[in-house]
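# Structural overview
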Amino acid sequence: MRVSADRDVCIGSGNCVLTAPAVFDQDDEEGLVVVLTSDVEGPVADVVRAAVARCPSGALRLIEGQEPPAGP
Amino acid sequence: MTETPVMPLHMQRVGFDPVDGLARVRENGGVTRVVTPFGLPAWLVTRYEDVREVLSDPARFSNARRGFPLPDEVELQLSEEEIAQRRAGQLLAMDPPDHTRLRRMLTPEFTVRRIGRLAPRIEQIVEQHLDDLEREGPPADLVSRFALPIPSLVICELLGVPYAERAGFQRRTRRQLDFSVPIQERLALQRESREFMRGQVVRAKAAPGEDMLGMLVREHGDELTEDELIGIAGLLLVAGHETTSNMLGLGTLALLCHPEQLALVRDDPAAVEPAVEELLRWLSIVPSGIPRVTTTEVTLAGQTIPEGELVMAALVAADRDPALLDEPDRLDITRGGMGHVAFGHGLHHCLGAPLARMEMKTAFPALLRRFPQLALAVPYEEIGFRGHHFIHGLHSLPVTW
Ligand code: HEM
Ligand code: SF4
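Residues numbered from 1 in each chain as written. Chains lettered and ligands numbered in written order. Predicted model: local features only at pLDDT ≥ 70, side-chain atom pairs only at ≥ 80, totals over all residues. Heavy atoms only, no water.

### Here we look at the overall build of chain B
- The number of helices and strands found in chain B is 17 helices and 12 strands.
- Taken over C-alpha atoms, the radius of gyration comes to 21 Å for chain B, in line with the 21 Å a tight globule of 401 residues would show.
- Summarising its shape, the C-alpha atoms of chain B cover approximately 60 × 55 × 45 Å along the three principal directions.
- The proportion of buried residues among the 401 residues of chain B is 57%.
- Counted over contacts in chain B with a minimum sequence separation of 6, partners at least 24 positions apart contribute 72%.
- Here chain B has roughly 16000 Å² of accessible surface; of this, 52% comes from carbon and sulfur atoms.
- Chain B carries 43 positive and 57 negative side-chain charges, and their two centres are separated by 2 Å. (Helix = DSSP H or I, 4+ residues; strand = E, 2+ residues; numbered from the N terminus. Rg over C-alpha atoms; globule rule 2.2 N^0.38 Å. Buried < 20%, exposed > 50% of the residue type's maximum accessible area, 1.4 Å probe, protein only. Contact = heavy atoms within 4.5 Å. Areas by Shrake-Rupley, 256 points an atom, 1.4 Å probe, with all protein chains shown as cover. Lys, Arg positive; Asp, Glu negative; His and termini not counted. Charge placed at Lys NZ, Arg CZ, Asp CG, Glu CD.)

In structure tokens:
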């Protein structure tokens, strides 16, 4: 799964940073979202889904990619 | 003379809770007609999904079309100049791209990291207030000694307004937002507040400090008019102390009424953040944001609303919608998440949310750890909830320990 952010839409609420600090940050100059790692899998993916749902501005998008092949 | 206006459905409460009639609207039509506290007809939207839809679409639901809507007969008495001044810098009375332009100047000041740097100072301020309470001993009014002064001092330092001015701005804010105060007096108070802020802005322009007013003057001085600076600073001062203080007062009372949950907040550091989110949701102290105006005919929950009508998004109803979570009327701090709309939604989502969260997550546990025996000093029935206020809260909270 991939996550992308539209900084033109972001209002810098910080909800995503508080929800998934390993994946989202805000830059110091504009206070807007920065995606630290756009490929997210496994347990992190659930947290990122929550962050996307909690984004007040609709700046975050999920692109459900191919899941890695299921384990043995 | 004090009026006792009938408050619209979503602004009526029984203690902490919205009235049953609000839930009935949410369950039945979802949308109903109300009269705003200013006497203007409006549509009230109650369901979580509809509330989010209204707040996230400024093209159809405009903040700028009416600004802060006043009754026609009052608005007609105001000069063009005063109407323009009332709007200048008021983020909540703007749509994109004007809103975007101003909000972008402020977002870097409120990032999670920037607010994180304030943590030590906020902790210190909280401890000082607890020291004072402890020294003087019980009983004490937690609203005037803890809930109100802490966010007031924090926003004063952040903005660069002398804390010595607090008695004046706290009183003006409280009365300006109280719908039982006659409208003419409230307008007079708004003028007084603007003049007060003008003084602060003039001072900051002459000698810009390291605070937020100084930053705005230094970095954006040529892009902002004096009225815009006054508007921005005024909104930050009001929103910065009146909201968090009511969360601290009501939130403490809510925990006192739920002793097991209080114990968790006191004893388990991991419980604090979810508790703050659940208290925000359950209390939804801002019952609705400012009214939006439809720019076109819209349909919400099957109801057609013509163009040019006021729409109020009932945050308090959305936050108690079973579509958001199970058993929404129950306070359960262990399930706290950020899906609520207590800070609003969309592009006007609260600018100060990271600051308010930091203040609450510092103040609640510090209070409960300092006074593990904290208890009401009067029977619950004697606690005075504010009835006619834009923001839900308590008149006072007498406690002992
Ligand atoms: C727990 C405390 C707080 C609550 C519940 C709260 C709630 C809200 C809500 C519901 C809105 C949206 C109103 C609407 O859409 O009509 C809002 C906007 C706003 N809040 Fe807060 N707030 C809190 C604390 C603060 C603090 C501490 C500050 C400032 C330091 C602040 C500054 C603002 C500003 C400037 C806006 C307007 C944003 C815009 O229009 O873009 N708030 N707040
Ligand atoms: S939650 Fe949304 S609006 Fe807030 S900082 Fe993240 S991307 Fe921006």
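### Here we look at the packing of helix α13 (residues 226–256) of chain B against helix α17 (residues 353–370) of chain B
Residues and elements named next belong to chain B.
- For the pair α13 and α17, the least separation of the axes is 10 Å and the interaxial angle reads 40°. If you check the angle between α13 and α17, you find them oblique. Between α13 and α17 lies a crossing whose hand is right-handed. Side by side, α13 and α17 meet where Thr244, Met247, Leu248, Gly251, Thr252 and Leu255 of the first sit next to Ala356, Glu359, Met360, Ala363, Phe364, Leu367 and Leu368 of the second. (Axes fitted to C-alpha atoms, helices over the stretch in contact; angles between N-to-C directions. Parallel < 35°, antiparallel > 145°, perpendicular 65-115°, else oblique. Left-handed = near helix turned anticlockwise from the far one by under 90°.)

### Concerning the site of ligand 1
Residues and elements named next belong to chain B.
- Close to ligand 1 lie 30 residues, the nearest being His99, Arg103, Arg292, His348 and Cys350.
- His99 has a polar side-chain atom sitting 2.6 Å from an oxygen atom of ligand 1.
- One nitrogen or oxygen atom from the side chain of Arg103 is found 2.8 Å from an oxygen atom belonging to ligand 1.
- Of all the secondary-structure elements, those providing two or more residues to the shell around ligand 1 are α5 (98–106), α13 and α17.
- It is α13 that provides the largest number of residues to the shell around ligand 1, a total of six residues.
- In terms of residue class, the shell around ligand 1 is made up of 20 nonpolar, eight polar and two charged. (Near = heavy atom within 4 Å. Polar contact = N/O pair within 3.5 Å; in protein donor to acceptor, adjacent residues only side chain to side chain. Nonpolar A, V, L, I, M, F, W, Y, C, P; charged D, E, K, R; others polar.)

### Let's talk about the environment of B:Met94
Residue and element names in this part refer to chain B.
- Inspection of the secondary structure assignment puts Met94 in the loop between α4 (80–87) and α5.
- The sequence separation of Met94 and Arg65 amounts to 29 residues, and the corresponding C-alpha distance is 8.3 Å.
- Setting aside residues no more than four positions away along its own chain, Met94 makes contact with Asn63, Ala64, Arg87, Gly89, His99, Leu102 and His348.

### Quick look at the site of ligand 2
- As a matter of local geometry, ligand 2 sits amid 13 residues, with A:Cys10, A:Ser13, A:Cys16, A:Cys55 and A:Ser57 nearest to it.
- When the residues that make up the shell around ligand 2 are grouped by side-chain class, the tally is eight nonpolar, five polar and no charged.

### Points about the coordination of the iron atom of ligand 1
- For the iron atom of ligand 1, the protein contributes exactly one donor atom, B:Cys350 (SG), at 2.3 Å.
- Structurally, the position occupied by B:Cys350 is in the loop between α16 (315–318) and α17. (Donors = N, O, S within 2.8 Å, 3.2 Å for Na, K, Ca; no water.)

### Remarks on α5(B)
Residues and elements named next belong to chain B.
- Within the sequence span of α5, burial applies to His99, Leu102, Arg103, Met105 and Leu106. For α5, the arc enclosing every buried residue in end-on projection is 150°, short of the 170-degree limit, so these residues lie on one face.
- In this structure, the buried residues of α5 make contact with α12 (212–220) and α13. (Arc of directions from axis to C-beta.)

### Digging into the interface of chain A and chain B
- Of the residues lining the interface, 24 residues belong to chain A; the matching set on chain B comes to 18 residues.
- Summing the contributions of chain A and of chain B, the shared interface buries around 1700 Å²; its carbon and sulfur component is 50%.
- The tally of links from chain A across to chain B stands at two salt bridges.
- At the junction of chain A and chain B, the tally comes to 12 residue pairs in polar contact (both at pLDDT 80 or more).
- Of all the elements in the fold, those that place two or more residues in the side of chain A that touches chain B are α1 (15–19), β2 (24–26) and α2 (43–54) of chain A.
- Top contributing element to the side of chain A that touches chain B by residue count: α1(A), with four residues. (Buried area = accessible area lost by both parts, 1.4 Å probe. Salt bridge = Lys/Arg side-chain N within 4 Å of Asp/Glu carboxyl O.)

### Quick look at the confidence of the model for chain B
- Per-residue pLDDT for chain B averages 94, and the proportion of residues at 70 or more is 99%.
- Here the complex is predicted with pTM 0.95, and the ipTM for its interfaces comes to 0.89. (pLDDT = per-residue confidence, 0-100.)

### Focus on the sheet that holds strand β11 (residues 375–376) of chain B
All names here are of chain B.
- The three strands are arranged β6-β12-β11 in an open sheet whose pairing can be described as antiparallel. Unpaired on one side and paired on the other, β6 (140–141) and β11 mark the two borders of the sheet.
- In this structure, β11 lies alongside strand β12 (residues 398–400), joined through two bridges in antiparallel fashion. The residue of β12 that forms the bridge with Leu376 is Val399. (Pairing = 2+ DSSP bridges.)

### Here we look at the sheet that holds strand β4 (residues 41–45) of chain B
All names here are of chain B.
- Pairing within the open sheet is mixed, and its five strands lie in the order β3-β4-β10-β7-β5. Whereas interior strands pair on both sides, the edge strands pair on one side only; in this sheet they are β3 (31–35) and β5 (61–62).
- Judged from the two bridges that link them, strand β7 (residues 292–294) and strand β10 (residues 310–313) form a sheet pairing that is antiparallel. When the bridges of β10 are listed, Arg292 appears paired with Val311.
- Its contacts with the sheet put helix α2 (residues 48–55) on β4, β5, β7 and β10, and the angle it makes with β10 is roughly 125°.

### Observations regarding the side chain of B:Arg386
All names here are of chain B.
- For Arg386, the location among the structural elements is in the loop between β11 and β12.
- Given a relative accessible area of 10%, Arg386 falls into the buried group.
- For Arg386, the side chain forms a polar contact with the side chain of Glu242, separated by 2.8 Å.
- Separated by 3.1 Å, the side chains of Arg386 and His389 make a polar contact.

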